[in-house]
Amino acid sequence: MNVKKQFTDGLLTQNPVLVQLLGMCSTLAITTSVMNGLGMGVSVIIILTLSNIFISLLRKIIPNEVRIACYIIVIAGFVTCVQLLLKAFLPELDKSLGVFIPLIVVNCIILGRAESFASKNAVGASALDGIFQGLGYTAVLLVMCFFRELLGAGTLLGVRILPESYTNMGLMTLPVGGFLCLGALIAAMQWAMNRAAEKRAAAEKEAK
Amino acid sequence: MTEYKELKLIASSSPHIRSDEDTRSIMLDVIIALLPALLMSVYRFGNWNFRALTVTAFSAGCCVLWEWLYRKLMKKSNMIGDLSAVVTGMLLALVCPVTVPYWMIAVGSFFSIVVVKQLYGGIGCNFLNPALAGRAVLVAAYAGPMTRWLAPEASYPVLGSADLVTAATPLAILKEGGADAFAALTQTYTAGDLFLGRIGGSLGETSALMLLLGGAYLLVRKVISWHIPAAYIGTVALVSLLAAPAGVDPWQYVTYQLFAGGLLLGAIFMATDYATSPVTKPGQLVFGAGCGLLTCFIRHFGSYPEGVCYSILIMNCTTWLLDKYIRPVIYGAPKKEKKEAAAK
């Protein structure tokens, strides 16, 4: 079990949003304010970790033919828990996230991790995988939320940051702003990864 | 006897035909062609203390600065000498209202140059027209200031004392639909007003005459060919002729549809952008016709009064497809396929 590799995989090299391009729908839809991003990110971390643990525990019992259905049932159970908790303690957040909390059931990140990681690895590794992949997702959400809320509404977490004279760039809170933001982030990620790969290649050459 | 030793055989790769024409000279021609429309807007919005001129100059300056800055930071060759950024800047200013704030131009030019043009690899690699994409972003981001059309004769608000006189653009009047709207339009503006530019609208689009002058210059200099503008304008004319509301002189209706809005500016200067339009002549005809159809659809059915900007941007996205499927016949190639097809 390589914790360090799992950590960098989750946050950078195998980032669920920027590299695996999973969970695009919720990423584009809810990143209009930092509060939304935080709520969504934390919900996904909790659900992803718990479902990874349980699917890893059940991996030897679940028949291969109906595994997807089994995963969905496990995931849906945790999503329901989180949704009920949100409704009880953070009704405002629940309202602004709307349908995207129940939609976590079919979020590709969670199903993807269950299929590609939790169903093949031990409980501990799966739990860590859930946490790190969830953190990677949350980090991207927060970066997008930061730019979209700041430029689109001039606020962060609802607090006015930019001066009143700033004209809100309404574009950024519209869906098109989400696409632009995500595109720019993916491009930046690819650029950084290419640069890192080039550097590594150069270093290897020198070592030889 | 030929002295073979004296004969020099120079082997070089094609192309062998040389021309003094380069990107810089073409862009210079476009700038010259834009000058009549620019001068007219300076004159028409004259009460604005040459604001038309300063906005255009600022926009061109911004575009050049962004281009220089981006290529400097990315350690790429300096390309501002080809003047394409100047043209983009001028076009961006000419599709904005005269009241547009300078910082808004700076934002728009950033998007035009850095996002649309440079991120895709610089001149010739962009798939959207940079100026139009910049305008589309500005309209989406700041709908209010970008659609505040002033009456051209409105007086300059000295120290903010006078109110700005806003005027509905001809197409905004037409948007009401039907023969009544058209009657209202003909009472507000004569066809001559539209032709000379005595109407509300963005800086460059108002005067049909000046745009046609610029277009004629570009045609004479062979910077553009007639295919895209003719197909574009012809399609709009044809559709308008067929779609004229009942009780309206269809030819008069066509005249207004052609001279109102950004059609001429778009057809002559935007749709003919080399990088974002098809290479082949038949492809260009299809491209122009597509632009015309989309413009008419947006004008008739859309929620915006004008559709030139979006129709050209949409057709820009089809350029690769048109280039892929409409290919020239290879010169001298046997017509084997045809004969075989006929035999079957």
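Residues numbered from 1 in each chain as written. Chains lettered and ligands numbered in written order. Predicted model: local features only at pLDDT ≥ 70, side-chain atom pairs only at ≥ 80, totals over all residues. Heavy atoms only, no water.

**Comments concerning the domain arrangement of chain B**
Residue and element names in this part refer to chain B. Assigned domains within chain B: domain 1 (23-146) and domain 2 (159-325). Each of domain 1 and domain 2 has a C-alpha centre, and the two are 20 Å apart. Counting residues at the interface gives 35 residues for domain 1, matched by 30 residues for domain 2. Across the domain 1/domain 2 interface, buried area totals approximately 2700 Å², and carbon plus sulfur atoms make up 73% of it. When the buried surface of domain 1 facing domain 2 is broken down by residue, Asp29, Arg44 and Leu132 rank first, second and third, together holding 20% of it. Here domain 1 is connected to domain 2 by one salt bridge. A salt bridge links arginine 221 to aspartate 29, with the shortest nitrogen-to-oxygen separation between them at 3.0 Å. (Domains from an automatic or database assignment. Contact = heavy atoms within 4.5 Å. Buried area = accessible area lost by both parts, 1.4 Å probe. Salt bridge = Lys/Arg side-chain N within 4 Å of Asp/Glu carboxyl O.)

**Things to note about the pattern of salt bridges**
All names here are of chain A. Under the definition given, this model contains seven salt bridges over all chains. With a closest N to O distance of 2.9 Å, aspartate 9 and lysine 5 form a salt bridge. Highlighted residues: aspartate 9 and lysine 5, both in helix H1 (residues 3-13), separated by four residues, approximately one helical turn. Residues lysine 87 and aspartate 94 are paired through a salt bridge, measuring 3.1 Å at the closest nitrogen-oxygen approach. Residue lysine 87 is classed as partly exposed on the basis of its relative accessible area of 44%. (Helix = DSSP H or I, 4+ residues; strand = E, 2+ residues; numbered from the N terminus. Buried < 20%, exposed > 50% of the residue type's maximum accessible area, 1.4 Å probe, protein only.)

**Remarks on unusual backbone geometry**
All names here are of chain B. One non-glycine residue, leucine 83, lies in the positive phi region at around 65 degrees. Here leucine 83 lies in the loop between helix H2 (51-73) and helix H3 (84-94). Its relative accessible area of 14% is what places leucine 83 among the buried residues. Even without glycine at this site, lysine 222 takes up a positive phi of about 60 degrees. The topology assignment puts lysine 222 in the loop between helix H10 (208-220) and helix H11 (227-243). Exposure remark for lysine 222: the relative accessible area of 68% places this residue in the exposed category.

**Things to note about helix H8 (residues 178-188) of chain B**
Residues and elements named next belong to chain B. Those residues of H8 that sit buried are Ala181, Phe182 and Leu185. For H8, the angular spread of the buried residues around the axis is 95 degrees, confining them to a single face. Exposed side of H8, more than 90 degrees from the buried face: Asp180 and Gln187 are the residues found there. Where H8 is buried, its residues meet helix H7 (170-174) and helix H12 (250-259). (Arc of directions from axis to C-beta.)

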